[in-house]
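Fold and contact review
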Amino acid sequence: MSEKELPGQESWRPARETKSQRNWTPGQLKKRRSLRTMFSSVVLTFEAIVLFFVALTIFNLNRDAEWAWWALGGTLSLAGLCIATCAWLRHPVGYGIGWGIQVLFLALGFIEPMVFLASIGFVAAWAYAVIKGRTLDRENAVRDAAEEEYRRTHPE
């Protein structure tokens, strides 16, 4: 770095940067993302795709029923809620909403019994993502603390 360049304004930096890019310094460790959040987001995204097709199926099989449009709208809304919940998974309320989505998906099986198969699979995947993700996040926190202790006691 030349003497004229101030920290954060080096010549190699792009003209427009995000806040995290501006605050980055060489050798800085990247913050670890939550595996629980990532696993759960994947489950909810795939669940939204399946719910879209479930909505079409329920509507077409019960087209003559008065409640068919309500079922279509409700199921598509549930699919949208799955996508929206991915953003809320950083907070504990997101996981509560996710469990509620699983219950509602199971309840769709009473309208179309074959939905029970898909919903049971997604409930199992959701439970695995939440439980195993939490376990892996705890292991990573212990590993990161040990690495930080090592870096503090063994400077380069």
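For the structure, see preceding data.
Throughout, a residue's number is its position along its own chain's written sequence, starting from 1. Owing to the predicted nature of the model, reporting of local features is limited to residues with pLDDT of at least 70; listing and counting of side-chain atom pairs is limited to 80 or more, with chain, interface and lining totals taken over all residues. As a rule here, side-chain values cover all heavy atoms of the structure and leave hydrogens and water aside.

**Points about the pattern of salt bridges**
Defined as follows: What makes a salt bridge here is a side-chain nitrogen of Lys or Arg within 4 Å of a carboxyl oxygen of Asp or Glu, nothing more. Each helix is a run of H or I in the DSSP string that is no shorter than four residues. Each strand is a run of E no shorter than two, and both are numbered from the N terminus. Type-normalised accessible area, obtained with a 1.4 Å probe on protein chains alone, sets the label of each residue: buried when under 20%, exposed when over 50%, and partly exposed for intermediate values.
Per the stated rule, a full pass over the model turns up 3 salt bridges. Between E147 and R151 there is a salt bridge, and its shortest N-O distance comes to 3.2 Å. Pair noted here: E147 and R151 are both in helix 5 (residues 115-153), with a separation of 4 residues, about one helical turn. By relative accessible area, which is 36% here, R151 ends up partly exposed.

**Comments concerning the packing of aromatic side chains**
Under the convention used in this document: Ring geometry is summarised as follows: Phe, Tyr and Trp rings, the Trp one being its six-membered ring, pair when their centres sit within 6.5 Å, and such pairs are stacked at plane angles under 30 degrees, edge-to-face over 60 and tilted between the two.
One pass over the full model with this rule turns up 6 aromatic pairs. The interplanar angle of 75° and the centroid separation of 5.2 Å between the aromatic rings of F52 and F53 together place this pair among those described as edge-to-face. On the accessibility criterion, F53 (49% relative accessible area) is partly exposed. Aromatic side chains W99 and W126 sit 6.1 Å apart centroid to centroid with 85° between the ring planes, which places their arrangement in the edge-to-face category. Of this pair, W99 sits in helix 4 (residues 92-107) while W126 sits in helix 5, placing them 27 residues apart in sequence.

**What about the nonpolar core?**
Counted only if it meets this: Throughout this description, the term nonpolar core refers to a set of buried Ala, Val, Leu, Ile, Met, Phe, Trp, Tyr and Cys residues connected via side-chain atoms within 4.5 Å. In this analysis, two residues are considered to be in contact whenever any of their non-hydrogen atoms come within 4.5 Å of each other.
Core analysis: the largest hydrophobic core is formed by 21 residues, its most contacted members being L44, L51, V54, C82, F105, L108 and W126. When neighbours within four sequence positions are excluded, V54 is seen to be in contact with T75, F105, L108 and V115.

**Considering the packing of helix 2 (residues 35-61) against helix 5**
As a reminder, the rule being used: Each axis is a line fitted through C-alpha atoms, and for a helix only the stretch in contact is used; angles between axes span 0 to 180 degrees, taken between their N-to-C directions. Angular relationships are summarised with four words: roughly parallel below 35 degrees, roughly antiparallel beyond 145, roughly perpendicular across 65 to 115, and oblique for the angles in between. When the near helix sits turned anticlockwise from the far one by under a right angle, the crossing is termed left-handed; a clockwise turn instead gives a right-handed crossing. Here the term charged refers only to Asp, Glu, Lys and Arg, the term nonpolar to Ala, Val, Leu, Ile, Met, Phe, Trp, Tyr, Cys and Pro, and the term polar to all other amino acids, Gly among them.
Helix 5 packs onto helix 2 with a crossing angle of 170° between their chain directions and a minimal axis gap of 7 Å. Put simply, helix 2 runs roughly antiparallel to helix 5. Both helix 2 and helix 5 take part in a crossing whose hand is left-handed. Along the contact surface, helix 2 presents L35, R36, F39, S40, V43, L44, F46, E47, V50 and V54, while helix 5 presents V115, A118, F122, A125, W126, A129, V130, G133, R134, L136, D137 and N140. Here the contact of helix 2 with helix 5 is built from residues that sort into 15 nonpolar, 3 polar and 4 charged.

**Observations concerning helix 3 (residues 68-88)**
Inclusion rule: Multiply 1.5 Å by the residue count of a helix minus one, and that product is the helix's expected span.
Across its 21 residues, helix 3 extends 30 Å between first and last C-alpha, which sits within 8% of the 30 Å expected from 1.5 Å per residue. Buried within helix 3 are the following residues: A68, A71, L72, T75, L78, A79, C82, T85 and C86. Each element contacted by the buried residues of helix 3 is listed here: helix 2 and helix 4.

Keep in mind these numbers describe shape, not what the thing actually does.
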